[in-house]
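Understanding the architecture of this molecule
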Amino acid sequence: MASIFYPKPVKLFVGCIFSDEIAFCNACSRLENHYGTIDTRSDIWSFSHTNYYEKDMGKNLHKCFITFKDLILPDVIKDIKVFSNDLERLLQQKTMRSVNLDPGYLDCAKVILATTKDYTHRVYLGSGIYAEVELFYHKGTYKAWPWTYPDYQSEHYIQFFLDVRRIYRKQLAQIDG
C-alpha cells in the first residue's frame, strides 16, 4: 500500500480580462483584500485570441495576470473560483461584465486553471468547479497540451509563468529551510 503524501503549497494567480482599467484595479484591490498582497503583476496585453467574451464584455479587451505573495493549498482553488465568480457579478455594470477573473495555481510541474465548465480533460473538484492542467513544465520551459488555450501558448504568457515559477521556487526553499 502506498503512503499518502500531502501536496506542497502552490502559487495562486488570477488571469484578469477587462476593457476598463478602473474595473481591473477594483477587482485587484478586492482580491488583495481577500487573498493577501499581490506580489507580481504581468504587463497588460491585448486580448484578441478569441471573441468569446465580446458579447458579455465588449471589444478592445486586455489581459493581465496577478500573483499573490501567500502560497495556498491546491484544494482551495475551487473556493477561490467560487469567490471570483461572485466578485465578477458584484462588479458587473448593468448587463455587461466589467472583468473576467480566471484563478489558477502554479507549482514546479504545471499551471492549473479552475473553471465552471466540464469537458473530457477536466477534473471535478466540488462546488461546481473543475480544474485542468493548462501547461506542463518540461526541459526548462512550459509546454502546451492539445486543449491549451491559444493565449496560454504565447511566448509572453510562458515567460511570465517561468518568472513566477522562479519566485515560487524561492518561496518553497524558504519554507523547506
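Data block above holds the structure.
Right, let's walk through the structure included here. (Residues numbered from 1 in each chain as written. Predicted model: local features only at pLDDT ≥ 70, side-chain atom pairs only at ≥ 80, totals over all residues. Heavy atoms only, no water.)

Considerations on the pairing of strand S8 (residues 129-138)
- One ladder, built from six bridges, connects strand S6 (residues 110-115) with S8; its direction is antiparallel. Bridge pairing in S8 places Lys 110 opposite Phe 136.
- Both strand S7 (residues 123-126) and S8 contribute to a ladder of three bridges, which runs antiparallel. Along S8, the bridge assignment pairs Tyr 124 with Tyr 130.
- Two successive antiparallel strands, S7 and S8, enclose a turn made up of two residues, where Ser 127 displays a positive phi of approximately 55 degrees.
- Of the strand pairs in this sheet, S8 and strand S9 (residues 141-144) are connected by four bridges, and their pairing is antiparallel. Looking across to S9, one finds that His 138 is bridged to Thr 141.
- Connecting the antiparallel pair S8 and S9 is a turn made up of two residues, with Lys 139 showing a positive phi of about 50 degrees. (Pairing = 2+ DSSP bridges. Helix = DSSP H or I, 4+ residues; strand = E, 2+ residues; numbered from the N terminus.)

Some words on the pattern of salt bridges
- On inspection of all chains with the given rule, the structure shows 11 salt bridges.
- When the shortest N-O distance is used, the salt bridge between Lys 11 and Asp 39 registers 2.5 Å. Of the two residues, Lys 11 is situated in strand S1 (residues 11-18) and Asp 39 in strand S2 (residues 38-41); the sequence distance between them amounts to 28 residues.
- Judged by relative accessible area, which is 0%, Lys 11 ranks as buried.
- Between Asp 86 and Arg 89 there is a salt bridge whose closest N-O contact spans 2.6 Å. With Asp 86 and Arg 89 both in helix H3 (residues 77-91) and three residues apart, the pair spans about one turn of that helix.
- Under the relative-accessibility criterion, Asp 86 is labelled partly exposed at 40%. (Salt bridge = Lys/Arg side-chain N within 4 Å of Asp/Glu carboxyl O. Buried < 20%, exposed > 50% of the residue type's maximum accessible area, 1.4 Å probe, protein only.)

Notes on helix H1 (residues 21-35)
- With 15 residues, H1 extends 20 Å from end C-alpha to end C-alpha; this agrees with the ideal 21 Å at 1.5 Å per step.
- Buried residues along H1 sit against S1, S2, strand S4 (62-68), H3 and strand S5 (99-106). (Expected span 1.5 Å × (residues − 1). Contact = heavy atoms within 4.5 Å.)

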